[in-house]
Amino acid sequence: QVQLVESGGGLAQPGGSLRLSCAASGIIFAYNVMRWYRQTLGNARELVARISSGGGPSYADSVERRFTITRDNSKSKVYLQMNSLEHEDKAIYYCNAHDYRDGSDLWGQGTQVTVSS
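Right, let's walk through the structure included here. (Residues numbered from 1 in each chain as written. Predicted model: local features only at pLDDT ≥ 70, side-chain atom pairs only at ≥ 80, totals over all residues. Heavy atoms only, no water.)

1. Describing the packing of aromatic side chains
In step 1: Tallying each qualifying case throughout the model produces three aromatic pairs.
In step 2: Here Tyr94 and Trp107 contribute two aromatic rings whose centre-to-centre distance is 6.5 Å and whose plane-to-plane angle is 85°, an arrangement assigned as edge-to-face. Remark: Trp107 occurs in strand β10 (residues 105-107) and Tyr94 occurs in strand β9 (residues 91-99); sequence separation between them is 13 residues.
In step 3: Classification of Tyr94 as buried rests on a relative accessible area of 10%.
In step 4: Through pairs of rings, three or more aromatic residues link up here, namely Tyr37, Tyr94 and Trp107.
In step 5: Above the ring of Tyr79, the side-chain terminus of Arg19 is found at 4.1 Å from the ring centroid.
In step 6: The ring of Tyr94 carries Arg45 above its face, with NZ or CZ at 3.6 Å from the centroid. (Phe/Tyr/Trp six-rings, centres within 6.5 Å; stacked < 30°, edge-to-face > 60°. Helix = DSSP H or I, 4+ residues; strand = E, 2+ residues; numbered from the N terminus. Buried < 20%, exposed > 50% of the residue type's maximum accessible area, 1.4 Å probe, protein only. Lys NZ or Arg CZ within 6 Å of the ring centre and 35° of its normal.)

Structural data, given as structure tokens:
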């Protein structure tokens, strides 16, 4: 089955940490740039971080130095380590697989991240 399944969302206090995971199945993971997006009510999805098959990461300015994206090609998984969480990080986080061969995109169902004291 072709799918992305996110996990690891939940509630964290400001300054706290969460680690999101995304497991891919049914795709050739190495052909995909993996991305994390987030979305808040009434707003468009925002690209948070991306990582190529070779491992080169990039980040949105708002999360630079706080979030870290990694991938494990042997397990077809991508992770987002979120540290120093802020209220503004509250959103639904989506995993995305972008196949660079044909430009197709696959989305996960999303996982809620709430930052509150």
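2. Quick notes on the sheet that holds strand β7 (residues 67-72)
In step 1: Strand order in the open sheet formed by four strands is β1-β3-β8-β7, with antiparallel pairing between adjacent strands. Edge positions in the sheet fall to β1 (3-7) and β7, since each has one partner strand and no second. Within this sheet the neighbouring strands show an average axis-to-axis angle of 15°, counted without direction. (Pairing = 2+ DSSP bridges. Axes fitted to C-alpha atoms, helices over the stretch in contact; angles between N-to-C directions.)

3. Comments concerning the state of the cysteines
In step 1: Applying the stated criterion across every chain, the model contains one disulfide.
In step 2: Note that Cys22 is cross-linked by a disulfide to Cys95, the S-S spacing being 2.1 Å. Taking the torsion about the sulfur-sulfur bond, which here is approximately -80°, the covalent link between Cys22 and Cys95 counts as left-handed. Of this pair, Cys22 sits in strand β3 (residues 18-25) while Cys95 sits in strand β9, and the two are 73 residues apart along the sequence.
In step 3: On the basis of relative accessible area, Cys95 is assigned to the buried category, the value being 0%. (Disulfide = S-S within 2.5 Å.)

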